[in-house]
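Structural overview
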Amino acid sequence: MSGLWGGRFQNSADVTMFRLSKSTDLDWRLAPYDIAGSLAHLKALTKGGLIDSKISQSIESALKELRKEVFERKFLPEDSDEDVHSALERGLTNKLGEIGGLIRAGRSRNDQVATDLKLLMMDDFTVISELLLDLSGALLKKAETYVDLIAPGFTHLQHAQPVSFGHELAKHAVALQRDISRIRDWYERTNLSPLGSGALSGSSLPIDPELTARDLGFSGLVPNSIDAVSDRDFVAEGLFILALVGVHLSRVGEEWTIWATPEFGWAQLADEFSTGSSIMPQKKNPDIAELARGKSGPLIGNLTSILTTMKGLPFAYNRDLQEDKAVTFSSIDHLTLLLPALTGMVETTEFNRAKVAAAATSGFSLATEIADFLVKRNLAFPQAHQIAGKYVQICESKNIELHQLDESEMKKLHPLLDKTLLDLLDGKHAISARSTPNGAAPSSVKEQIKKLRGENEEAKAWISTSQKRFSGMMGQ
Ligand code: ARG
């Protein structure tokens, strides 16, 4: 029988029921946040005159001692503990006897678990933001190294127009920057305290939940106590953000996997960040890139899972909500494993400049230059497009590149075409001309990288401020 509700029950829980109910395997991760919540709640109870200040001091020291023992793994959940909250209450009463139970007044595991999970997620999401910044930094550094290298840009996986290879690399950093900004928006929205909502209706005791909220670094209180204990939007939204990060990383992974094929031969992966085959001695496989692609599976699955748990759920707390932790921890763990390895892979990849450059202008990827040349001579774009298309067709049938067509043939196509076009049919020229602020010209890409670095610095400052809040909770 659980120590938490003995009074009303005559018989103990069946072993199968207890096994199903028990969640310490997972929710033990919440322990430091649960203790932080208890310390704040203790203050409110003391201020409300519900706990004598001397007794309050001894509860406070016992809680801090317990926190230390949790970190040192000297205090662990026992088989008979149902969840982290009851295990920690056992720890406290073991130390203090009956007065250890005083802090149960005015709160419930329902508001406790919502508070703990919010705190853990906000803490871990700052760590994920930091890992995203590392990856972004690695991509920007590579982008800078290869900013002057001309590469083919693709649409439909077909050569489209040449771009700076730095542009290709930096585009991923832009997506990651949006992810970090999404985390920051989510953090703001999540940062309201459920503590003090009790089981569902608040408390009749003279406690001030606003004070508890401030103490824990929340910006305020969830405005409705029923919503406070049953809302898991912060889980769904958080898991959406992580799923989208997963989708972004899967696109990095896909690109790297293709670039590392012998057919492309662009990317040379470092030994430290590749794997071999147990049967084929020649193999060097881009497993990190493939795992980056693969992890989007569970990350999207976890989001679908929490939304399914939440759908149609009656208010307020229902035990279904206990399923929130497995998916949350799973997504966090996948990314904290993947991101540093992916950053290492990016940092150590060398690109074969000759192969990338050779591919840059093949596949008639400079055909747009012909159309633009005619437009600059005042031809309407549809006609210019038509003529450039014909130009390509002729070259294709003659098996020559665009710059190899005779001037006489050009003139036949359109009198406005002449030899001066040849200067433009050059990859370097084509990309340096695309110097719009977000364009593919090396000069533009350098500016973009500078801007992104500035934004990353700003995000770094946000991360370190936010992390201070949580290091306090870890007793540091
Ligand atoms: N362990 C539960 C959870 O993770 C919290 C406890 C609430 N239980 C309850 N019977 N009201 O959601």
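Please refer to the structure placed before this passage.
Here's what I pulled together on the structure shown here. (Residues numbered from 1 in each chain as written. Predicted model: local features only at pLDDT ≥ 70, side-chain atom pairs only at ≥ 80, totals over all residues. Heavy atoms only, no water.)

**Considerations on the side chain of Asp 27**
Position of Asp 27 relative to the elements: it lies in helix α2 (residues 24–27). There is no salt bridge for the buried Asp 27, and the closest opposite charge comes from Lys 325, which lies 5.6 Å off by N-O distance. Apart from the residues lying within four places of it in its own chain, the contact partners of Asp 27 are Asp 83, Val 84, Lys 325 and Phe 329. (Helix = DSSP H or I, 4+ residues; strand = E, 2+ residues; numbered from the N terminus. Buried < 20%, exposed > 50% of the residue type's maximum accessible area, 1.4 Å probe, protein only. Lys, Arg positive; Asp, Glu negative; His and termini not counted. Salt bridge = Lys/Arg side-chain N within 4 Å of Asp/Glu carboxyl O. Contact = heavy atoms within 4.5 Å.)

**What to know about the environment of Ala 228**
On the secondary structure map, Ala 228 appears in helix α9 (residues 225–230). In this structure, the C-alpha to C-alpha distance between Ala 228 and Gly 202, residues 26 residues apart in sequence, is 9.7 Å. The residues contacting Ala 228, other than those within four sequence positions of it, are Ala 114, Pro 194, Ser 197 and Val 222.

**Looking at the pattern of salt bridges**
Under the counting rule described, the total for this entry stands at 31 salt bridges. Across the salt bridge formed by Asp 83 and Arg 109, the nearest N and O atoms sit 2.7 Å from each other. One end of the pair, Asp 83, is in the loop between α4 (53–71) and α5 (84–96); the other, Arg 109, is in helix α6 (residues 109–145), and 26 residues separate them in sequence. For Lys 171, the salt bridge identified is with Glu 255, shortest N-O distance 2.9 Å. Of this pair, Lys 171 sits in helix α7 (residues 165–190) while Glu 255 sits in helix α10 (residues 233–259), and the two are 84 residues apart along the sequence. A residue is classified by how much of its surface remains accessible, and Lys 171, at 32% relative accessible area, is partly exposed.

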